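Okay, here's what each chain looks like letter by letter:
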Amino acid sequence: NAGVTQTPKFQVLKTGQSMTLQCAQDMNHNSMYWYRQDPGMGLRLIYYSASEGTTDKGEVPNGYNVSRLNKREFSLRLESAAPSQTSVYFCASSEALTGGGEQYFGPGTRLTVT
Amino acid sequence: GENVEQHPSTLSVQEGDSAVIKCTYSDSASNYFPWYKQELGKGPQLIIDIRSNVGEKKDQRIAVTLNKTAKHFSLHITETQPEDSAVYFCAALKAAGNKLTFGGGTRVLVKP
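A. Local environment of the interface of chain A and chain B. Taken together, the 21 residues of chain A in the interface contact 19 residues of chain B. Between chain A and chain B, the buried area comes to about 1,500 Å², and carbon and sulfur atoms account for 56% of it. Broken down residue by residue, the surface that chain A buries against chain B is led by Leu43, Glu102 and Phe105 of chain A, which jointly contribute 27%. If you look at where chain A meets chain B, you find zero salt bridges. Our count for the contact surface shared by chain A and chain B stands at two residue pairs in polar contact (both at pLDDT 80 or more).

Written out as structure tokens, the structure is:
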């Protein structure tokens, strides 16, 4: 099992450009998440998907959109990138949304917006 | 909403010594508290978790303690080894909640 995979690993964008970060999991998990990680601020939830067909905003959703393409895949789109979106982005998945339990993280995408 | 504060932000220890990281949370309804370890260039990985119905949990050299009254919980690593060098994150989840709130992270350096 590959676990949670993310593409690309690195990306440099110019302000105003768009891109989609891809995430896939092979653990048959119901819930998936997108986080961003900035120095000293831990991990902040951007969007999450409780199950296939549903998505909800997290703590910092502005400037992002998501698609739960199927049970395996959850993509994050930046429509018009801004320097404030320079960050490391992590996708994660878990069996269920509520009640606690392990979240499995991908290796991350390091995004720089110039 | 929930707020989780984590201290210290960096911690340097000698190999073989103990390391302690402390977190406080604001929402008394939180009942699940995981700890994640993030090695350089990788995603976080769960190392231990505790629920509010217990006060302490151990797994080999790692232990977590929870004080519900004071709303704080701590990670204890004993007999530290170089491979314990990483960034550690605490988090909290409310009962019936659906979003983990993470602390700001602690960078631990174990000096040989």
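B. View of the nonpolar core. Within the largest apolar cluster, 23 residues are counted, with the highest numbers of intra-cluster contacts made by Ile21, Tyr25, Phe33, Trp35, Phe73, Leu75 and Tyr88 of chain B. For this core, the elements supplying multiple residues, two or more each, are strand S2 (10–14), strand S3 (19–25), strand S4 (30–38), strand S5 (45–51), strand S7 (62–67), strand S8 (72–77), strand S9 (86–94) and strand S11 (106–111) of chain B. Apart from the residues within four sequence positions on either side, phenylalanine 73 of chain B is in contact with Ile21, Lys22, Cys23, Tyr25, Phe33, Trp35, Thr65, Leu66, Cys90 and Ala91 of chain B. Counting residues in each nonpolar core, the second largest holds 20 residues, with Met19, Ala81, Cys91 and Val113 of chain A among its members.

C. Expanded view of the environment of asparagine 30 of chain A. All names here are of chain A. Inspection of the secondary structure puts asparagine 30 in the loop between strand S3 (19–25) and strand S4 (31–37). Residues contacting asparagine 30, with those up to four places away along its chain left out, are Ser49, Ala50, Ser51, Glu52, Arg68, Lys71, Ser94 and Glu95. Of note is the side chain of asparagine 30, whose polar atom sits 3.4 Å from the side chain of lysine 71.

D. Quick peek at the environment of phenylalanine 73 of chain B. All names here are of chain B. By the secondary structure assignment, phenylalanine 73 is in strand S8. Here phenylalanine 73 falls in the buried class, since its relative accessible area comes to 0%. For phenylalanine 73 and glutamine 6, which are 67 residues apart along the polypeptide, the C-alpha to C-alpha distance reads 9.7 Å.

E. Representation of the packing of aromatic side chains in the model. One pass over the structure, following the stated rule, counts 13 aromatic pairs over all chains. Geometrically, the ring pair formed by phenylalanine 105 of chain A and tyrosine 36 of chain B is edge-to-face, given 5.5 Å between the ring centres and 80 degrees between the ring planes. Highlighted residues: phenylalanine 105 of chain A in strand S10 (residues 104–105) and tyrosine 36 of chain B in strand S4, drawn from two different chains. Classification of tyrosine 36 of chain B by relative accessible area gives buried; the value is 0%. Grouping aromatic residues by their ring pairs yields a cluster made of Tyr33, Tyr35, Phe90 and Phe105 of chain A together with Tyr36, Phe89 and Phe102 of chain B.

F. Inspection of the pattern of salt bridges at higher detail. Residues and elements named next belong to chain A. In the structure shown here, the tally under the stated rule is eight salt bridges over all chains. Across the pair aspartate 38 and arginine 36 runs a salt bridge whose closest N-O atoms are separated by 2.9 Å. You can call aspartate 38 buried: its relative accessible area is 11%. A salt bridge links glutamate 79 to arginine 77; the shortest N-O distance between them is 3.2 Å. A single network of salt bridges, built from pairs that share partners, joins Arg36, Asp38 and Arg44.

G. Structural context of the sheet that holds S8 of chain B. Residue and element names in this part refer to chain B. Ordered by their spatial adjacency, five strands build an open sheet running S1-S3-S8-S7-S6, and the pairing between neighbours is antiparallel. With partners counted over all chains shown, the strands left at the sheet margins are strand S1 (4–7) and strand S6 (56–59), one partner each. Strand-to-strand, the axes of this sheet are offset by a mean angle of 15 degrees, without reference to chain direction.

H. Quick peek at the pairing of S11 of chain B. Residues and elements named next belong to chain B. Burial along S11 is one-sided: Thr106, Val108 and Val110 are buried, and none of Arg107, Leu109 and Lys111, which face the opposite way, are. Taken together, the five bridges between S2 and S11 define a ladder with parallel strand orientation. When the bridges of S11 are listed, glutamine 14 appears paired with lysine 111. As paired strands, S9 and S11 are joined by three bridges and run antiparallel to one another.

Scoring rules and cut-offs
Residues numbered from 1 in each chain as written. Chains lettered and ligands numbered in written order. Predicted model: local features only at pLDDT ≥ 70, side-chain atom pairs only at ≥ 80, totals over all residues. Heavy atoms only, no water. Contact = heavy atoms within 4.5 Å. Buried area = accessible area lost by both parts, 1.4 Å probe. Salt bridge = Lys/Arg side-chain N within 4 Å of Asp/Glu carboxyl O. Polar contact = N/O pair within 3.5 Å; in protein donor to acceptor, adjacent residues only side chain to side chain. Core = buried A, V, L, I, M, F, W, Y, C linked by side-chain atoms within 4.5 Å. Buried < 20%, exposed > 50% of the residue type's maximum accessible area, 1.4 Å probe, protein only. Helix = DSSP H or I, 4+ residues; strand = E, 2+ residues; numbered from the N terminus. Phe/Tyr/Trp six-rings, centres within 6.5 Å; stacked < 30°, edge-to-face > 60°. Pairing = 2+ DSSP bridges. Axes fitted to C-alpha atoms, helices over the stretch in contact; angles between N-to-C directions.

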